[in-house]
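The lines below spell out each chain.
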Amino acid sequence: MYGITKIELEDFRSFKGKHTFTFPTKPGLYAITGKNLINPTLGPNAIGKSSFLEAIRWCNYGHTSRGLKASDIINYDAKSCSVTVEQNVAGELLTVTRTQSPNSLRLNGTIVDQQTLEKHLRLGPQAYDYAVMFPQFGDAFFDKSPGDKLALFSQIMELDYWLERSKAADDLAKELALEKGTLEQALARNDSILKTLSDDVAALIIKRDSFEAEKQQAIRRHKEALQQAKTDAAKLDQRLATADEALTGLHQRLERAEGRVAALDRLELKLQTVTAALQKLDGLDATCPTCLQQVNECHLRDEKAKITREVRLTTAEIDDIDVKRSDLKAIKQNIRDFEDERRDSQAKQSRADSEIRRLKQNIEDEQKRPNPYLEMIEAKKNQHLKLKGEIAKTQEAFTQTEQDHAAVSFWVSGFKRVRLFIVEQALQQLELEINNCLGSLGLMEWAIKLDVERENKSGGITKGFTVMIYPPSVAKPIRFEAYSGGETQRLRLAGNLGLANLIMERAGLRNTIEFFDEPSAHLSDEGTLDLADTLAQRAVDAGRSIFIIEHRLLDYPYRNTINIIKDASGSRIE
Ligand SMILES: Nc1ncnc2c1ncn2[C@@H]1O[C@H](COP(=O)(O)OP(=O)(O)OP(=O)(O)O)[C@@H](O)[C@H]1O
Ligand SMILES: [Mg+2]
């Protein structure tokens, strides 16, 4: 609910000093009137009625309905002023105190700013003027231009909020689209890097395999050479053995041949001796060549025969010895040849051994030689794996951004649709509220229709806030400006009352207090009576205290009358 229980004014406009007023709680229509004791000819004019209401307005919003603030609202004889209003907003008791010179604003004793206070009040100044306080010089809703009507309607319904939300969604959607694009680019870039890495790995695998094949081929080549070297070495061993064997045989042969040559030398010497002995006997007849004695012939013959036999035997023995001195030379040559051969083979064998060692080392080295491409492949594969992880993360972010973009994009028009929905609802309600008031204000069977600038169903825009008025038995709507003053004022009031109901409903408040400062301008006496009846009925229907400042209905059966007296000491409430 919204209600005001008490007000305290000090040096506010015509109210000099401190004045307190407690508002009646019983529903009904109350009059605010009074007496001007300073200038009785003015009747109840200029006594502080409007000032009394403006004090509430100023306390809550910092300026009056006519825009007065600062020094204008301090009583001419005072240096500062203050107003305290006790009110109940949806069960929350708010005691608001505002002072001028020095300026301050307190809510329940704590200093607050205007924004915080309005949050607690739930109504902005304009909404307050159209829902609680109908000021003396306030514009009626229907009097405003279509554009101003729309501005007021938008503000009260907080319609701009939805456009701001839609704009914010649009901005966010654009940001998300950009982010989506960036992620898409990153994905494309990383995909191509991934492809390059795959190609690199494939190329390195080929190099690794050909390196391995070359290595195996080199090992094979070394092994074949080793085999060959081993075969050569074996052959050399064989040659050495053969030479050794031949040398052994040759040395034996040499030894044997030398023995025989020595025997031959001995026999030839013997043969010479024997032959010389025989020669000495030749020509001799009977002298013994040995004993040089005269020998008989027979003895000589025997001697000759003996020596001849000796010669024969020795010759035969010489003939028996199967050796030539040249053989000895040949054998020695043979031995030298074989020894040369042996040295040659030994040299070759030593070379073959070192070749075998070299080849074995080569094979070992080759087997140990690392394949450089293995490490490169490993590194590239790791890069590939890491990048794949990154791509998965980017993909995830992209999917999320895409979903967010779709969701946010939905709300660009979604918030506009919410606005349209609120507009539809509010218009229907406002139409209903206004039409309900028309009858009680004496405009029986009149009807009004409202339309507002909005995105309509066909996608076009309906311009401004239009009010179409259908008087009884006229089929087409007639412009507001065409009506008489009285009709116009009734229509105005109906518009204001309907709007007040809508505002309070939107704020979630049930209003228990309303103020109307001279709402009857242009009305006939009947019209003024209709107005009072309407407000009295409204007070009963809504359980509300309605305060009216009205000079022409002094004898109306109000629930009560609040009298304000103005004399030399200023205005006071009685
Ligand atoms: N700062 C001020 N100090 C003292 N008096 C002021 C000040 N401002 C305005 N007044 C006077 O206070 C008086 C009360 O004004 P107010 O508007 O409240 O009159 P009112 O009772 O509503 O009269 P009306 O019926 O003519 O509208 C007026 O005479 C006005 O000139
Ligand atoms: Mg006034």
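You'll find the structure just up there.
Model, not experiment: these values are computed from the prediction.

Take the nonpolar core next. In this structure, I7, F23, F52, L123, F153, F465 and F515 are the most contacted members of the largest nonpolar core, which totals 105 residues. Take this core: its biggest share by element is eleven residues, from helix α8 (residues 372-440). With sequence-adjacent residues up to four places away left out, I7 is seen in contact with H19, T20, F21, F23, F52, A55, I56, V83, T84 and V85.

Geometrically, a pair of aromatic rings is defined through the distance of the ring centres and the angle of the planes. In this structure the tally under the stated criterion is 22 aromatic pairs. Measuring from ring centre to ring centre gives 5.3 Å for F141 and F465, while their planes differ by 80 degrees; the resulting arrangement is edge-to-face. Placement of F141 in the loop between β8 (133-134) and α4 (146-156) and of F465 in the loop between β11 (461-462) and β12 (466-470) is noted, with a sequence separation of 324 residues between them. We note that F141, like F465, is buried. Pairing F410 with W411 gives two aromatic rings, centres 5.1 Å apart and planes at 90 degrees, and the pair type is edge-to-face. With a relative accessible area of 37%, W411 lands in the partly exposed category. Through pairs of rings, three or more aromatic residues link up here, namely F21, F23, Y30, F52, F515 and F547.

Here we come to helix α9 (residues 485-507). Taking 1.5 Å of rise per residue, the 23 residues of α9 would be expected to cover 33 Å, and the 32 Å separating its terminal C-alpha atoms lies within 8% of that figure. Downstream of α9 by one or two residues, G508 has phi in the positive range, about 75 degrees.

Right, let's talk about the packing of helix α1 (residues 49-61) against helix α2 (residues 114-121) for a bit. Running from N to C, α1 and α2 point in directions that differ by 115 degrees, and their axes come no closer than 9 Å. Judged by residue contacts, C59, N60 and Y61 of α1 engage Q114, L117, E118 and L121 from α2. Its residues assigned to classes, the contact of α1 with α2 shows four nonpolar, two polar and one charged.

Here the bond from S101 into P102 is cis, since omega is -5 degrees, no more than 30 degrees from zero. Along the chain, P102 turns up in the loop between β5 (92-100) and β6 (104-107). Phi is positive for E158, which is not a glycine, with a value near 50 degrees. Along the chain, E158 turns up in the loop between α4 and α5 (159-281). At S473, a position not held by glycine, the phi torsion is positive, near 55 degrees. Tracing the backbone shows S473 in the loop between β12 and α9.

Attention now goes to the environment of I47. Along the chain, I47 falls in the loop between β3 (28-36) and α1. A relative accessible area of 0% means that I47 is categorised as buried. It is 29 Å that separates the C-alpha atoms of I47 and G543, two residues lying 496 residues apart in sequence.

This brings us to the site of ligand 1. Around ligand 1, 17 residues are found, and the nearest of them are N45, A46, K49, S50 and S51. In the environment of ligand 1, an oxygen atom lies 3.0 Å from a nitrogen or oxygen atom belonging to the backbone of I47. Separating an oxygen atom of ligand 1 from a side-chain N or O atom of K566 is a distance of 3.3 Å. Summarising the interface, the protein chains cover 78% of the accessible area of ligand 1, which totals 640 Å² for the free molecule. When each cavity is represented as a set of grid points, ligand 1 is found to reside in the largest pocket. Ranked by residue count, the leading element in the shell around ligand 1 is α1, at three residues. A breakdown of the residues in the shell around ligand 1 according to their chemical character gives four nonpolar, eight polar and five charged.

What counts as what
Residues numbered from 1 in each chain as written. Chains lettered and ligands numbered in written order. Predicted model: local features only at pLDDT ≥ 70, side-chain atom pairs only at ≥ 80, totals over all residues. Heavy atoms only, no water. Core = buried A, V, L, I, M, F, W, Y, C linked by side-chain atoms within 4.5 Å. Buried < 20%, exposed > 50% of the residue type's maximum accessible area, 1.4 Å probe, protein only. Helix = DSSP H or I, 4+ residues; strand = E, 2+ residues; numbered from the N terminus. Contact = heavy atoms within 4.5 Å. Phe/Tyr/Trp six-rings, centres within 6.5 Å; stacked < 30°, edge-to-face > 60°. Expected span 1.5 Å × (residues − 1). Axes fitted to C-alpha atoms, helices over the stretch in contact; angles between N-to-C directions. Nonpolar A, V, L, I, M, F, W, Y, C, P; charged D, E, K, R; others polar. Near = heavy atom within 4 Å. Polar contact = N/O pair within 3.5 Å; in protein donor to acceptor, adjacent residues only side chain to side chain. Areas by Shrake-Rupley, 256 points an atom, 1.4 Å probe, with all protein chains shown as cover. 1 Å grid on protein atoms, 1.4 Å probe; cavity = no way out; pocket = protein on both sides within 12 Å on 5 of 7 lines; lining within 4 Å. Sits in = over half its atoms within 2 Å of the grid points.

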